[in-house]
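A structural walkthrough
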Amino acid sequence: MDYLKEFEHPSSRFRGAPFWAWNTKLDRDTILKQIDVFREMGMGGFTMHCRTGLNTPYLGEEFLDVVKACVDKAGALQMKACLYDEDRWPSGACGGAVTKDPEFRSRYLVFTPFSKEEGTGRKESESISAAKGVFTGKGTELARYQIELRDGRLAAYRRLAPEEEADGAWYAYLEISEPSSWYNNETYVNTLNKRAIERFAETTHEVYAGAVGAEFGKAVPSIFTDEPQFVHKETLGKAEEKKPLILPYTDDFEDSYRAAYGESFLDRLPEVVWELPDGVRSLTRYRYHDHIAQRFAEAFSDTLGEWCESHGIALTGHMMEEPTLQSQTAAISEAMRHYRGFQIPGIDMLCDSREYTTAKQAQSAVHQFGRNEMTSELYGVTNWDFDFRRHKLQGDWQAALGVTHRVHHLSWVSMEGEAKRDYPASIFFQSPWYREYRLLEDHYARVNTALQSGRPQVRIGVIHPIESYWLWFGPKEQTADMREKLERQFQEVTEWLLFGLLDFDYICESLLQEMPEGNDGKFQVGEMAYDAVVVPGCVTLRRETLRRLSAFAAEGGKVVFLGEAPTHVDAVPSEEPQRLAEACTQIGFDRSLLLRELEPWRLVDLKDENGVRTNEYLSQLRKTEEGYLLFLANGRAIHGEDVPEARKLTVELPAEYKLTLLDTLTGKRSPLPAEYHGGRTVLQREFYGQDSLLLQLEPGRNPAGQTQKQPSRVLVSPLCHGKGYRLEEPNALLLDQAEYAVDGGSFQPCEELLRADTAVRKRLGYPADGGNVAQPWTLEEEPYEHQVSLRFTIEAEQNVGRVKLALEQAALASVSWDGEPVKGKPEGWYVDPCLSVLPLAEVTAGRHTLEIVLPYHSKSSLEWCYLLGEFGVRVRGRTAVLTAMPADVGFGDLTNQGFPFYGGNFTYLLEVETEEGEYELSAAKYRSPVLCVKVDGEKRGDIAFSPYRVSLGRLSRGRHLIELTACGSRINTFGQVHLTDEELTWFGPESWRTGGDRFSYEYQLKRTGVLAAPMLFKLI
């Protein structure tokens, strides 16, 4: 398909559909209004995603009525209303409805040196959002073993007869997961049981089909499955240690294993746990991991994929723990096997990580199964101050590696209670920059028109090494070195090829044997045909893989054995791989050697001024009817982003092409001058840090012509002095520390409110808060049996006028100021409708007392409050004092100029006097998601990416008002203002509740605002 006709004005098909966090009681009118916000932001739709706090019965009549209303509105607006298949995550339990039936509850095997009668080694189940097993002692005995270790290796073992006694026996128990509040006081599902997943489809997918099935494939294009997994595998640390181990297992595993391999798994279970003597690899261990992988894929992804295919809706989403060989082996066995069931395979990318392996695995499956889209759940866990620069960098490198369906993490319906700590930022109306987000969405929509057009051009395949890793999944003291080697090689070969601009696909051996074999001299894998195949230090290959490689080599195909040749076939020692390596190409595990061998299949190159290939850029090349489309993007994180630096790079293409620049930020197309040498096309171009490049390549040459001369930039002046500033919302004083009392008792010393809440909950016997609780919709209404009084002390250096109070649960609160009751009614809201604004009092110089009394029960929480008004704030240590509103500000950190907690948009008013001419504004040093620029009231553009310039257009002679708006981020308003760990990258609910050296009562604020004076340039 060719979608470039939509390049200038892309439709919703190519636009993002964020996770829309349904985290409160659903109000139909509120929900429908929020769809308009998505549209305003440039989104193509939304993904209706239940999160902690949902207080409308999941998949009940009221819930489905809201879903239907959203689908109707999305259809009317030509937007996408995407479904999500679970109440929170991981997918499979239908909010606990499936696992009310014990038959479908998650199961696992406990291998332990302790009998359940002894009680040693038992643990209580944790309430977490992952499938982790523990030894509860409530399981059914499957087998007992006599174990003999010699030098930490399995010298001998045997399975004991039922009545046979033995000293030091090890036990195998089948356990069923215990109920957990995370699964609404049920359990996770048995993802190895096809019947359980069919029940999941009955309770979830069929319900959605009944409600909105008529729109499947139209307004409802997809359903997202999130982090399916089995109970995570464990290994021993030291071989001699005595502790229970957890392994995924299910009731009929012994039967299906015997049917597959003709032997008993339980007879040989110890080989999964310990290493064999003399370095021998265990065939049983290999077969166990492979059989678990197959049981899981068949039960979960195949079942749901078949349901979706038959109902005209795409299964999308991502698996649990995709990035490393270790993480895949432990949680899912292997990722790629599952993608056969997905109509739109996907990934997630949290904490701004660079998981190239994760993306490349999914992209490879997209290519091989002939899919045209790939999902990413992106931007999650990046915090309030994650700016547009980093949004673009993260989005660009993922686009280069195949992502076309962007599911932004996260857009909250509400910020009430724990929701505001649910992995911010909220990419929604709560963030002051939300109206500017169309800049990014337009860019990605245009990129996607190209990356969904044509067919991928990939000439190199790489055998995935996951099955070799399984052989070494034993005690860490004996296998850590080899595991680390395989892991390192996996990461290295991925990056060597990607950043060497030799695009490739991973070849999953379990999928390969299911696909037909080509006969045209290419290595056929589904829809892809490769000219060269790399075997990257694998220890074992499947028999079918070896046969196809041999046939490919015999027909003249290029097979490169990178590093040592495999020593096993189907996990059995064999010299056949070495003989094939000797007949093909075998090189050391070295980047330069690998790139040299694959050079004949290069499709694009990018070099610096010295002719050295870059090591930062990723590429994607697609063939269309007219020629090719080439996308280049920076794949590395940028350090020192405040100083814009242009790199003069050379794009080299192996044939002559007429080049057209497809400008994804403007939608414009323009021919690019190029040079032609020896049948090659050479393009010289400057690249800044966040730049990407989309080119259309058509056979032929660009007409010879003079390169358009760029105007010179002449500095007029730095804009150091202004005409003041403007706030988009009132200034804020954070009220996060108070004395507190329970049920009219004595007040406790001043404490941070989340810590006070923890203390109150402990005193009242309530479970700790933090998000891992049963959903409100599953719980009975609870009377308020207690009350908590909060007493804040507020100091003002001088009279600051009338102030207001923003707080949650305002309708239930009793508020007094200096002992006088506050009786005013709420006047609107602050940041989010959950924060009602109450008129408070006139604040005079001196010390004041604000007291808030709140009813309290097990579902309550003590949340930060905010004093709002026209005042300044000065912070010293853990205290904050009200001051007069600053008369003016300078360029520099706003937290030191009266606005430490202000999170709204801040506009600098700058008056300039100019001669007539073309002008440009530059502002490189700032801490703001994006800067917006107006001249004389007219929007001129945004400063979001290096080199941080915006054209002011042609200005007449005279004075002009420049409005430079630094959009706010909420980082110092709702962020982790007491967190001392500046290296933390996981910004989940627990990052607000740190202790020890990671907590400080003294405020730990982030710099905000424009930190250095912008520069005015005249273009001549």
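None of these values were measured; they are calculated from a predicted model.

Our next topic: the state of the cysteines. Enumeration over the complete set of coordinates arrives at zero disulfides. A disulfide-free cysteine, Cys538 has its sulfur positioned 12 Å from the sulfur of Cys508, the nearest such atom. Cys538 gets classed as buried once you look at its relative accessible area, which sits at 2%. Not engaged in a disulfide, the cysteine Cys834 finds its nearest cysteine sulfur in Cys865; these two sulfurs lie 11 Å apart. For Cys834, a relative accessible area of 11% puts it in the buried group.

Counting 268 residues, the largest nonpolar core has Trp20, Trp22 and Phe63 as its most contacted members. Counting residues per element, this core draws most heavily on helix α7 (residues 283-311), at nine residues. With sequence-adjacent residues up to four places away left out, Phe63 is seen in contact with Trp22, Leu26, Cys50, Leu54, Thr56, Pro57, Tyr58 and Tyr208.

Next up on the list: helix α10 (residues 388-400). Between its first and last C-alpha, α10 extends 18 Å over 13 residues, near the 18 Å set by a 1.5 Å rise per residue. Here α10 lies mainly inside the structure; twelve of its 13 residues are buried. Taken together, the buried positions of α10 are occupied by Phe388, Arg389, His391, Lys392, Leu393, Gln394, Gly395, Asp396, Trp397, Gln398, Ala399 and Ala400.

Time to look at the side chain of Gln363. Tracing the backbone through its elements, the reader meets Gln363 in helix α9 (residues 356-368). For Gln363, the contacting residues outside a window of four places in its chain are Met374, Ala400, Leu401, Gly402 and Gln620.

In this section: the sheet that holds strand β31 (residues 669-671). If you walk across this open sheet you meet the six strands as β15-β27-β28-β34-β30-β31, and the pairing is antiparallel. Lying at the two open borders of the sheet, with one neighbouring strand each, are β15 (455-456) and β31. Sheet analysis places β15 next to strand β27 (residues 617-623), joined by two bridges and oriented antiparallel. Opposite Pro456, over in β27, you have Arg622 as the bridge partner. In this fold α10 packs onto β27, β28 (628-634) and β34 (692-699), with an angle of close to 140 degrees to the strand it touches most, β28.

Moving on to the sheet that holds strand β32 (residues 675-677). Strand order in the open sheet made by the four strands is β26-β29-β33-β32, with antiparallel pairing throughout. The open sheet has two edge strands with one neighbour each: β26 (605-607) and β32. Taking the axes of each pair of neighbouring strands and ignoring which way they run, one obtains an average angle of 30 degrees across the sheet. Sheet topology note: the β32/strand β33 (residues 680-687) ladder contains three bridges and is antiparallel. If you follow Glu675 over to β33, its bridge partner there is Val682.

Procedures and definitions
- Residues numbered from 1 in each chain as written.
- Predicted model: local features only at pLDDT ≥ 70, side-chain atom pairs only at ≥ 80, totals over all residues.
- Heavy atoms only, no water.
- Disulfide = S-S within 2.5 Å.
- Buried < 20%, exposed > 50% of the residue type's maximum accessible area, 1.4 Å probe, protein only.
- Core = buried A, V, L, I, M, F, W, Y, C linked by side-chain atoms within 4.5 Å.
- Helix = DSSP H or I, 4+ residues; strand = E, 2+ residues; numbered from the N terminus.
- Contact = heavy atoms within 4.5 Å.
- Expected span 1.5 Å × (residues − 1).
- Pairing = 2+ DSSP bridges.
- Axes fitted to C-alpha atoms, helices over the stretch in contact; angles between N-to-C directions.

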